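Structure assessment
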Amino acid sequence: MKGLFQMRKENQRVEKLCSFYVSDWHFATMLLPYINHKIEEQINVITLLENNIRANIVTLVKKLNLKNEEEILEIRWEKINSKKYGDIHQLLDLEVNEKKENIILINGSRDYIEKNNENIQRWVEKEKVSNIKIINFFEVTEFNHHMVEILNSHDRVLNTSGEREITDVFEGYKKEA
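Residue numbers restart at each chain and count upward from 1, following the sequence in its written direction. A pLDDT threshold of at least 70 governs which residues receive local features in this predicted model, and a stricter bar of 80 or more applies before side-chain atom pairs are shown or counted, although totals over entire chains, interfaces and linings include all residues. Side-chain descriptors were evaluated using all non-hydrogen atoms of the structure, hydrogens and water having been removed beforehand.

Only Phe, Tyr and Trp rings take part, Trp by its six-membered ring, and two of them pair if their centres are within 6.5 Å. Stacked means planes under 30 degrees apart, edge-to-face means over 60, and tilted covers everything else. For the coordinates displayed, the defined rule picks out five aromatic pairs. Look at Phe20 and Phe170: their rings are 6.0 Å apart centre to centre, the planes differ by 85°, and that puts the pair in the edge-to-face class. Within this pair, whereas Phe20 is found in strand E1 (residues 14–21), its partner Phe170 is found in the segment after helix H8 (166–169), the two being separated by 150 residues in sequence. Any residue under 20% of the maximum accessible area for its type is buried, any over 50% is exposed, and the rest in between are partly exposed; the area is computed with a 1.4 Å probe on protein chains only. Since its relative accessible area comes to 12%, Phe20 is described here as buried. Ring geometry for Phe27 and Phe137: centres 4.8 Å apart, planes at 70°, overall edge-to-face. Taken together, the residues span a long stretch of sequence, with Phe27 in helix H1 (residues 24–40) and Phe137 in strand E4 (residues 132–139) at a distance of 110 residues. For the pair shown, Phe27 and Phe137 are each scored as buried. Through pairs of rings, three or more aromatic residues link up here, namely Phe20, Phe138, Phe143 and Phe170. Only Lys NZ and Arg CZ are tested; either one counts as a charge over a ring when it is within 6 Å of the ring centre and within 35 degrees of the ring normal. The ring of Tyr85 carries Arg122 above its face, with NZ or CZ at 3.7 Å from the centroid. By the criteria applied, helices consist of DSSP H or I runs no shorter than four residues and strands consist of E runs no shorter than two, each listed in order from the N terminus.

As structure tokens, then:
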């Protein structure tokens, strides 16, 4: 994934995080408190999911008794076929709010994550949009052998305790050039 998302940060404020999960249930359980908090901060949440997780989200939202239940359920938790630039361009034109911070959550296979990151990069550079945070979610069993490569291509990590510096989560990690 070298060069997955090299952004000219001096022109646009784009931050890229990664997160790791072990199952769809773990993904949803870890994500919901974070999303609930971001909704309280008036941050716009956009999802690009290769698999439908709405049923898991609905079940967990009811059990967790979250403050922003309605807003969480309004987020698109269904899969979206979005590997083509035209699809992403159209979706981001509709969903990105230029007056707010925007978080784009991407979950899927390696190809799905890479293609969507490339397409978002093209869109951001073309539209000169700022205040974008991308969070790529990787299933540990699929990406375990690529962990260092993944960490090297991201700015920070999201885990159950929130957004953290990579070195705070992965002791002994040193970013490779």
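A separate point is the packing of helix H4 (residues 85–95) against helix H5 (residues 110–127). Across the interface, H4 lies against H5 with an axial gap of 9 Å and an inter-helix angle of 55°. Between H4 and H5, the crossing angle belongs to the class labelled oblique. The two elements H4 and H5 cross, and the hand of that crossing is right-handed. Listed contacts from H5 to Tyr85, Ile88, His89, Leu92 and Asp93 of H4 are Asn116, Asn119, Ile120, Arg122, Trp123, Lys126 and Glu127. Classification convention: Asp, Glu, Lys, Arg as charged; Ala, Val, Leu, Ile, Met, Phe, Trp, Tyr, Cys, Pro as nonpolar; all other residues, Gly among them, as polar. Classifying every residue of the contact of H4 with H5 gives five nonpolar, three polar and four charged. Each axis is a line fitted through C-alpha atoms, taken for helices only over the stretch in contact, and angles between the N-to-C directions span 0 to 180 degrees. Just so you know how the angles are binned, under 35 degrees is roughly parallel, over 145 roughly antiparallel, 65 to 115 roughly perpendicular, and the rest oblique. Handedness of a helix crossing follows the sense of rotation of the near helix relative to the far helix, less than a right angle counterclockwise being left-handed and clockwise being right-handed. Note on contacts: a residue pair qualifies if any of its non-hydrogen atoms lie within 4.5 Å across the two residues.

Of all hydrophobic cores here, the largest spans 29 residues; its most connected members are Leu48, Ile104, Ile120 and Ile132. With five residues, H5 is the largest single contributor of residues to this core. With near-sequence residues (within four places) excluded, Ile104 lies in contact with Ile46, Leu48, Leu92, Ile120, Ile132, Lys133, Ile134 and Ile135. Here, nonpolar core refers to any group of buried Ala, Val, Leu, Ile, Met, Phe, Trp, Tyr and Cys residues whose side-chain atoms link them within 4.5 Å. Membership of the second largest hydrophobic core comes to 26 residues, among which are Tyr21, Phe27, Leu31 and Val61.

Further remarks concern the pairing of E4. Counting buried positions along E4 gives seven out of eight residues, so the element sits mostly inside the fold. The pairing criterion is simple: DSSP has to find at least two bridges between the two strands. Bridge count between E1 and E4: eight bridges; the pairing is parallel. Looking at E4, one finds that Lys16 is bridged to Ile134. Here six bridges tie strand E3 (residues 102–107) to E4, and the two strands are oriented parallel to one another. Note that in E4 the partner of Ile103 across the bridge is Lys133. A right-handed crossover is one whose linking path, passing over the helix from the first strand to the second, runs clockwise when the strands point away from the viewer. The handedness of the E3 to E4 crossover, carried by H5, is right-handed.

Bringing the sheet that holds E4 into the picture now. Across the sheet, six strands lie side by side as E2-E3-E4-E1-E5-E6; this open sheet has mixed pairing. Looking at strand neighbours, the two that pair on one side only are strand E2 (44–49) and strand E6 (162–164), the edges of this open sheet. Neighbour to neighbour, the strand axes of the sheet diverge by 25° on average, direction disregarded. Together, E2 and E3 form the strand contacts of H4, whose direction differs from that of E2 by roughly 160°.

Limitation: the analysis is restricted to geometry and does not speak to function.
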